[in-house]
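The primary structure of each chain is shown beneath.
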Amino acid sequence: MIIRSFLARFFSTLVTLFGVAVVVFVLVRIAPGNPIAMMLPPGATEEDVARLRALYGFDKTLIEQFFVWLGNVIYGDFGTSITMRLPVSELVLQRLPATLELSIMALVIALVLGGSLAVFGARFRGRAQEVGVDISTGAALSVPDFLWGLLLILAFGVAWPVLHISGRVDPHMDVDLTTNFYFFEGLLLGDFALVSSVLSHMLMPALALGLPLAAMIAQLLKQSLKEQLDQDYVNLARVRGHGETHVILSEALRNAALPTLTLIGVQFAFLIGGTVIVERLFAYEGLGNMAIDAVINRDLPLIQGIVLLFAVLFIAINLTVDLTYSLLNPKLRHD
Amino acid sequence: MTETQNIISAPRQRHRAVNYRLWLPLTWLSLVFGAAIFAPWIAPLDPLAQDLLYERLPPAWEQGAEPGYWLGTDGLGRDVLSRIIYGARIAIVVSLIAATAAAIFGSVLGLLAGFMGGWWDRVISRIIDIWMAFPPVLFSVLLVAVMGTGLASVIVAIAVIDWTRFARVVRAETLVQSQMDYVDSALIGGAGRFKTLLQEVLPNVLPAIVALFALEMGIAVIVEAILSFVNLSLSSDAPTWGGMIAEGRATVHYAWWVLVFPLAVLFLTVLSFSQLGEGLKRQFDPVLQ
């Protein structure tokens, strides 16, 4: 039963992925501007044009071109960037670690901040403290990441300049690492100068991305905690003489966490999408920033690759969340 | 129908507690709409006029200010206040048209998917799934790159991306309404499917659409600002809030006013639309009252 529903879910994901590939391909193909003309020097002959068209497969029908492109993509060949003259896959993999580190940092911030607000609000439910949590989470939710980023720049970059507003690491710093995971590798190597430089650059963009999610987590988890706190097993723990905070943390939290975990999974996928503009805002050298440069330079193969990668990440995260959820919650296993 | 009307116009005094959610945003938004409509009469100066002798003047109450430039000038000596007022025009025009297009397109598909079910639902839901897989900002940037920069592209990009918000909510809402007895009795009474959909289901789904519309206006304002920020909307001459913010971001260390004032206006406008949307949702939703 479970295997069948997993297979159905996989198949449905494949159909979505195929649709995504079609949309990306069609969009980039209908873009005005002749990519061949952009690659050739002025004064190129008709034969040169024809040869290049054949080389890039533009002489075939659109449907043939699509399947050739799709076949290459499946084998990891996303074409060559027009502006940088390097394989798209190489460029994208170079930048991916920066974006992943930023997203994970934002997720950690959201978890810690949202989780503590939820516990705090549930602990003081029905009192002024809970109203405070409700008002601040409501406000945090109505402000999108782009605006949070700008407000943070004003607060911690200008009014009280303690953090860096541009870049990923101090430009004077020698970064000699094997991977592009500056933060994680620096941490592993114990290079604390590097880690603190990366942190002071990453904290603001990560906060901008994480604050709206923290608010969502706080609201949902607080609600589930309050529901759990009316249950008999919680009363039993109280009768046994445990304090309210202890009851919340060691009894209610475990049972209240499931809906929040699903929310986090789905919203994490959206958060990764948010990195595009936040990276731009903080001149952070990640994938999103590269995507916008690619659009400005009309580097279509590069845009195609990045958009496809983001979409695949989104679908993969959602699939993982769904499958984990049905594993954790047998009540919702449908066949 | 009468049942919903009763719920909406039910005891007035119970709404008093949430009224500020509607009136504060409405006050600010009417200011913004007023600025957008009457920009040529309100704006003290020409928003495009450059004056290199007066570049980066601070606001009127700071040292070194010049009279007449209330909120100071930008790097080309253009009046910040006048540009903010004209920027309201662009923001409101883009968000009104884009949100209307997204609402119509998304609601029609949502109604069809929810009411017709079967293949309609399967195909439309699948398209929504595919659409949602693209990060909205990246998708809009890509669309503008494909269509070329300009106001029309920005509007089309927002509508093309955000119809799924309406489609998802309207579909879910229509599914709920379709289970109701009044739909069956209309169908048994001999009303056609489309007539039932338009006359019975649509009016009951409409409150959700109105609340979403307010939320979508706010999203459209922010997307327009983002696209102008990355210089993919209008030319950098045009007075857009996003374009002003982009310049202000670059010069924030020595001309904070170029960033702070347009940012404050954008912030209040986005906040107002989202509070208005939430307020309307509460007003319409009997469960939340």
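Sequence positions are assigned chain by chain, starting from 1 and proceeding in written order. Labels follow written order: the first chain is A, the first ligand is 1, and so on. The model is predicted, so local features are restricted to residues of pLDDT at least 70 and side-chain atom pairs to those at 80 or more, both for listing and for counting; the totals for chains, interfaces and linings are taken over all residues.

Engineer: In this structure, what is going on with the overall build of chain A? I would like to understand it.
Structural biologist: A run of H or I in DSSP becomes a helix once it reaches four residues, and a run of E becomes a strand once it reaches two; helices and strands are each numbered from the N terminus. For chain A, the helix and strand inventory stands at 13 helices and 0 strands. Across chain A, helices and strands are ordered from the amino to the carboxyl terminus as α-α-α-α-α-α-α-α-α-α-α-α-α. With the C-alpha coordinates aligned to their principal axes, the bounding extent of chain A is approximately 90 × 55 × 40 Å. Burial is judged by counting other C-beta atoms within 10 Å of a residue's own C-beta: 20 or more means buried, 12 or fewer means exposed, and anything between counts as partly exposed, with every C-beta placed from the backbone. Scored against the burial criterion, the 335 residues of chain A give a buried share of 37%.

Engineer: Please explain the UniProt feature "transmembrane region" (unreviewed entry) in chain B as it appears in this structure.
Structural biologist: Residues and elements named next belong to chain B. Under the present numbering, the feature "transmembrane region" (unreviewed entry) in UniProt falls on residues 22–43, 90–117, 137–161, 205–234 and 254–273. Structurally, residues 90–117 is divided into 96% helix and 0% strand, and its ends, taken at the C-alpha atoms, are 39 Å apart. Note that residues 254–273 is 90% helix and 0% strand, and that its end C-alpha atoms are spaced 32 Å apart. UniProt positions are given in the numbering used here, feature names are shortened, and annotations may be inferred rather than shown by experiment.

Engineer: Help me understand the UniProt feature "domain: ABC transmembrane type-1" (unreviewed entry) in chain A, please; the structure alone is not making it clear to me.
Structural biologist: UniProt feature "domain: ABC transmembrane type-1" (unreviewed entry): in the numbering of this structure it lies at residues 96–325 of chain A. Secondary structure over residues 96–325 of chain A splits into 80% helix and 0% strand, and the C-alpha atoms at its two ends are 27 Å apart.

Engineer: Quick question: what am I supposed to make of the UniProt feature "domain: ABC transmembrane type-1" (unreviewed entry) in chain B here?
Structural biologist: Those places that UniProt annotates as "domain: ABC transmembrane type-1" (unreviewed entry) correspond, in this numbering, to residues 92–277 of chain B. Helix makes up 84% of residues 92–277 of chain B and strand 0%, whereas the separation of the span's terminal C-alpha atoms amounts to 16 Å.

Engineer: Got a minute to help me understand the interface of chain B and chain A in this structure?
Structural biologist: The extent of an interface is frequently quoted as the accessible surface area lost upon association of the parts. Whether two residues are in contact depends on their C-beta atoms, placed from the backbone: they are in contact if these lie within 7 Å. Every contact between the two is made by 30 residues of chain B and, on the other side, 32 residues of chain A. For the side of chain B that touches chain A, the secondary-structure elements that each account for two or more residues are helix 4 (118–132), helix 5 (136–147), helix 8 (193–229), helix 9 (241–250) and helix 10 (256–284) of chain B. In terms of residue count, helix 10 of chain B provides more of the side of chain B that touches chain A than any other element does, 8 residues in total. Residue polarity follows a fixed list, in which Ala, Val, Leu, Ile, Met, Phe, Trp, Tyr, Cys and Pro are nonpolar, Asp, Glu, Lys and Arg are charged, and the others, Gly among them, are polar. Tallied by class, the residues present in the side of chain B that touches chain A amount to 23 nonpolar, 4 polar and 3 charged.

Engineer: Please explain the UniProt feature "transmembrane region" (unreviewed entry) in chain A as it appears in this structure.
Structural biologist: Under the local residue numbering, the UniProt record ascribes the feature "transmembrane region" (unreviewed entry) to residues 7–31, 66–88, 100–122, 146–165, 177–196, 261–282 and 302–328 of chain A. Taken as a whole, residues 302–328 of chain A contains 100% helix and 0% strand, while its terminal C-alpha atoms sit 39 Å from one another.

Engineer: Even after reading the chapter, I still don't get the nonpolar core, so can you show me in this structure?
Structural biologist: Note that soluble globular proteins tend to have their nonpolar side chains buried in a common cluster. Formed by 176 residues in total, the largest nonpolar core has its most connected members in Ala291(A), Ile306(A), Val141(B) and Leu142(B). At 20 residues, the largest contribution of residues to this core is made by helix 8 of chain B. Contact partners of Ala291(A), with chain neighbours within four places excluded, come to Val276(A), Ile303(A), Ile306(A), Leu138(B) and Val141(B). Think of a nonpolar core as buried Ala, Val, Leu, Ile, Met, Phe, Trp, Tyr and Cys residues, each tied to the set through C-beta atoms within 7 Å.

Engineer: Before we go on, may I ask you to explain unusual backbone geometry in this structure?
Structural biologist: A negative phi angle is the norm for most residues apart from glycine, just as the trans form is the norm for most peptide bonds. The residue Ala283(A) is not glycine, and still its phi comes out positive at about 45 degrees. We classify Ala283(A) as partly exposed; it has 15 C-beta atoms within 10 Å. One non-glycine residue, Asn231(B), lies in positive phi territory at about 65 degrees. Structurally, Asn231(B) is set in the loop between helix 8 and helix 9.

Engineer: Looking at this structure, how should I read the packing of helix 7 (residues 145–159) of chain A against helix 11 (residues 244–281) of chain A?
Structural biologist: Two measures define how a pair of helices packs: the angle their axes make with one another and the distance between the axes. Residue and element names in this part refer to chain A. Here an angle of 0 to 180 degrees is reported between the N-to-C directions of two axes, which are lines fitted to C-alpha atoms, with helices fitted over the stretch in contact. As a packed pair, helix 7 and helix 11 sit with axes 9 Å apart at the nearest point and diverge in direction by 25 degrees. As the angle between them shows, helix 7 and helix 11 are arranged roughly parallel. Judged by the sense of rotation from one axis to the other, the crossing of helix 7 with helix 11 is right-handed. Taken together, the residues of helix 11 that come into contact with helix 7 (itself represented by Asp-145, Phe-146, Gly-149 and Leu-150) are Gly-274, Ile-277, Val-278 and Leu-281. Of the residues belonging to the contact of helix 7 with helix 11, the class tally is 5 nonpolar, 2 polar and 1 charged. Between 65 and 115 degrees an angle is taken as roughly perpendicular, under 35 as roughly parallel, over 145 as roughly antiparallel, and anywhere else as oblique. Helix crossings are classified by the rotation of the near helix relative to the far one: an anticlockwise turn of less than a right angle makes the crossing left-handed, while a clockwise turn makes it right-handed.

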